[in-house]
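Fold and contact review
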Amino acid sequence: MDFLLTMDTEWDRHPTKDGRVTVENLSSLPLFHALCVSEGIRPCYLCAQEAADAPAFAPLGERVVTRNEGEIGTHLHPMTSPPYWVDPVEERKKIPFPNEYPLDIFEAKLAHLRQTLEARFGPQHTYRAGRFGLAPEHVPILVRHGFRADSSITPGVSWSHANGLSEAVGPDYRDHDAHPFWWDTGNEGGSRLLELPITIVRRGPRLIDALRRWTAGRRPGPPTPDEVLWLRPMPGRLHELRTVMHIARRQGIRVLNFMMHSNELHPGCNPYFDTSEKVEGLLAGLRSFFRNLSRSGVRSLTPREYTEQNAGTVVRTRPAVSSAWAECRGNAGCNTLTAGGTTA
Ligand SMILES: [Zn+2]
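Reading the values: rules and limits
- Residues numbered from 1 in each chain as written.
- Predicted model: local features only at pLDDT ≥ 70, side-chain atom pairs only at ≥ 80, totals over all residues.
- Helix = DSSP H or I, 4+ residues; strand = E, 2+ residues; numbered from the N terminus.
- Buried ≥ 20, exposed ≤ 12 C-beta atoms within 10 Å, placed from the backbone.
- Contact = placed C-beta atoms within 7 Å.
- Core = buried A, V, L, I, M, F, W, Y, C linked by C-beta atoms within 7 Å.
- Pairing = 2+ DSSP bridges.
- Expected span 1.5 Å × (residues − 1).
- Arc of directions from axis to C-beta.
- pLDDT = per-residue confidence, 0-100.

Quick word on the overall build of the chain
Along the chain, the regular secondary structure elements total 11 helices and 12 strands. Per-residue burial over the chain gives 44% buried out of 344 residues.

Given below as structure tokens:
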């Protein structure tokens, strides 16, 4: 089993009243990175524009690249990457989903961020949409811009209730599982995009619910929010990381994709680890989890390394553009992801 650590490297969570974003949290990253290096973990820092531009991040980013201690990837939050579609202050207040934007604006924002990161840290390979807002139509654009891996899908989770610039515009990933797959871009023999979903597993319905379904002759439906477990750290629940790993192993998932946010390492910049004691507990819990991975024979790779090592493997493919979803784009009332067409 392989292990990816993907970190959204970004703002301090809340814009100031005049729409500025701050990146105080990035000062906590070197301590976290030293922990990763000492435990043999190869993190991928997925950078939003504000991190790509931040002098505070540059030394760490350069170290990661020159010493080959991980990967620097791309995390597009459209509210902080130009060109701005509406008033930037308004965009930052609403924290839009990338899938809300016309494709030409999305591509221009992606190009700006990619070029910033490439100028500072070299070619970009791995992408994650801000707020997990991937649209199937983004896939050919990502491939065109050199990306070979995406990590935007949150299996079993729907964001369709969430508001961005418009109401209820997030994607719905309840029909996905945590296995990687190649997006089918129809580009036979050409470049492809490997989807590396965040590892989110189903805890399994409570026995009583399963019995009710069975007696009613109903097949299991999509998981409810309390039936899914994320491979991401939450205060007081760090022990669940091992549970997720064991469930994933039982389900035959060959790669774990652990996600977190850079601001979770800095008290006052996130809602979960809001005190120094909680952050210290987080770092101690992560050290223990990383050591458990190592003892279990789990290998840490960057998404780039994982993609290159699995380039020849046959895994499931999905069409890059779902006609059902394409019809929905721009219509706030229609937000169901209907990828369909899965082939073995
Ligand atoms: Zn983010």
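A short note on the environment of Phe289
With respect to the helices and strands, Phe289 occurs in helix H9 (residues 276-295). For the pair Phe289 and Glu39, spaced 250 residues apart in sequence, the C-alpha to C-alpha distance is 10.0 Å. In this structure Phe289 touches Leu238, Leu241 and Arg242, once residues within four positions along its chain are discounted.

Some details on the environment of Pro43
Relative to the helices and strands, Pro43 resides in strand E2 (residues 43-47). Here the alpha-carbon distance between Pro43 and Gly70, two residues 27 residues apart in the chain, equals 5.0 Å. For Pro43, the contacting residues outside a window of four places in its chain are Leu5, Met7, His33, Cys36 and Gly70.

Observations regarding the nonpolar core
By size, the foremost hydrophobic cluster in this structure holds 74 residues, and its most contacted members are Leu4, Cys47, Ala51 and Leu256. Counting residues per element, this core draws most heavily on H9, at 6 residues. When residues no more than four places from it in sequence are discounted, the contact partners of Cys47 are Thr9, Ala52, Ile72, Thr74, His75 and Leu117.

Here's the deal with the pairing of strand E10 (residues 255-261)
Successive residues of a regular strand alternate their side chains across the two faces of the sheet. Where burial is concerned, most of E10 is hidden: 7 out of the 7 residues are buried. The side-chain alternation of E10 yields two buried faces, one formed by Val255, Asn257, Met259 and His261 and the other by Leu256, Phe258 and Met260. Where strand E1 (residues 2-9) and E10 come together, 7 bridges link them in parallel fashion. The residue bridging Thr6 from the neighbouring strand is Met259, located in E10.

What about unusual backbone geometry?
Here the residue pair Pro82 and Pro83 is connected by a cis peptide bond, since its omega of 0° sits within 30 degrees of zero. Along the chain, Pro83 turns up in the loop between strand E3 (71-76) and helix H4 (88-94). Within the chain, Ile95 stands out as a residue other than glycine whose phi angle is a positive 50°. By secondary structure assignment, the location of Ile95 is in the loop between H4 and helix H5 (103-121).

Some points on H5
In this model, H5 (19 residues) spans 26 Å end to end at C-alpha, consistent with the 27 Å of a helix rising 1.5 Å per residue. All of the buried residues in H5 are Phe106, Lys109, Leu110, Leu113, Arg114, Leu117 and Phe121. All buried residues of H5 lie within an arc of 130° about the axis, which places them on one face of the element. Turned more than 90 degrees from where H5 packs its buried face, Asp104 and Ala119 sit exposed. On its buried side, H5 packs onto E2, helix H2 (49-52), helix H3 (58-66), E3 and helix H6 (138-144). Count one or two residues on from H5 and you reach Gly122, which has phi positive near 95°.

Digging into the confidence of the model for the chain
Residues at a pLDDT of 70 or more form 85% of the chain, whose mean pLDDT is 87. Note on residues 322-344: pLDDT is under 50 here. Beyond four places in sequence and across chains, it has 38 contacts.

Here's the deal with the pairing of E2
Burial of E2 is extensive: 5 of the 5 residues sit out of reach of the surface. Of the two faces of E2, both are covered, the one formed by Pro43, Tyr45 and Cys47 as well as the one formed by Cys44 and Leu46. Bridge count between E1 and E2: 5 bridges; the pairing is parallel. Bridging from a neighbouring strand, Met7 pairs with Tyr45 of E2. As defined by bridge partners, E2 adjoins E3 across 4 bridges and the pair is classed as parallel. Within E3, the position partnered with Cys47 by the bridge is Thr74.

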